[in-house]
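Summary of the model geometry
Each chain, letter by letter, is given below.
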Amino acid sequence: MNRVTRTHGTLAAWNDDRGFGFIELSGSGERIFVHISAFPRGGARPAVGELVSFEIDAREAGKKQAVRVMRCGSGSPPRRMRQPAAAHRRSVLGSLVTLLLLIAVGWYGYQQFSGNHEPPAIPRPHAARSVEPATASPFRCDGRTRCPQMNSCAEATFFLKQCPGTQMDGDGDGVPCESQWCPAE
């Protein structure tokens, strides 16, 4: 069973530009090389005079290096997990889609409940009459509304009975275009 023991010391020298320094062992005065990668990520930069605990890794030719460095009194530093960029993009995209959906639902609700409804149509006198179901007829409603646009009494009668908005029965007796197509009998 290979037990690893932690050793304590003081950071005696540190070159922040190059990312390495030396730890002086407590009691013996021996100096051990330490690299920035041995410190926990996300913490403060190493500072000269700082008390640390670490493990020693023996390298080739008897050189020693400090590994798994912990700052004394801090315990195990909390690790902050970084969200991957792809997950962040998905999160932003999902938030954007949700926002757009909420805007659309809000707009629909506003349109439905805002009270800006059109008033009901006022019935015209000729529209009060019952409209007979259209039978097979050679005529169809095509937007014509006046007598000069008609070609026969039958056509004027069809338009008066079947098409809304016609203006062919001036006296309201149900007979269209009396002076042109349908003379009084």
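Residues numbered from 1 in each chain as written. Predicted model: local features only at pLDDT ≥ 70, side-chain atom pairs only at ≥ 80, totals over all residues. Heavy atoms only, no water.

In this section: the state of the cysteines. Within this structure, the stated rule accounts for 3 disulfides. The disulfide partner of C141 is C163, and the gap between their sulfur atoms is 1.8 Å. Note on the C141 and C163 pair: the S-S dihedral is about -95°, so by sign convention the disulfide is left-handed. Here C141, found in the loop between helix 1 (85-113) and helix 2 (153-162), pairs with C163, found in the segment after helix 2; they are 22 residues apart in sequence, far enough to count as distant. When its relative accessible area of 40% is taken as the criterion, C141 is described as partly exposed. (Disulfide = S-S within 2.5 Å. Helix = DSSP H or I, 4+ residues; strand = E, 2+ residues; numbered from the N terminus. Buried < 20%, exposed > 50% of the residue type's maximum accessible area, 1.4 Å probe, protein only.)

Our next topic: the pattern of salt bridges. In total, this model carries 8 salt bridges according to the counting rule given. R45 serves as the salt-bridge partner of D16, at 2.9 Å between the closest nitrogen and oxygen. Of this pair, D16 sits in the loop between strand 1 (7-15) and strand 2 (20-25) while R45 is found in the loop between strand 3 (31-35) and strand 4 (51-58), placing the two residues 29 residues apart along the sequence. Residue classification places D16 among the partly exposed residues on the basis of a relative accessible area of 39%. (Salt bridge = Lys/Arg side-chain N within 4 Å of Asp/Glu carboxyl O.)

Turning next to the environment of V34. Topologically, V34 is positioned in strand 3. For the pair V34 and Q65, spaced 31 residues apart in sequence, the C-alpha to C-alpha distance is 5.8 Å. The residues contacting V34, other than those within four sequence positions of it, are L11, W14, F20, G21, F22, I23, F39, A66 and V69. (Contact = heavy atoms within 4.5 Å.)

Before going further, it helps to spend a moment on a nonpolar patch on the surface. A cluster of nonpolar side chains, namely L93, L96, V97, L99, L100 and I103, defines an oily patch on the protein surface of about 580 Å² accessible area. With respect to the helices and strands, the residue L96 is situated in helix 1. (Patch = residues over 30% accessible without salt bridge, like charges linked within 9 Å, V, L, I, M, F, W, Y side chains within 5 Å. Areas by Shrake-Rupley, 256 points an atom, 1.4 Å probe, with all protein chains shown as cover.)

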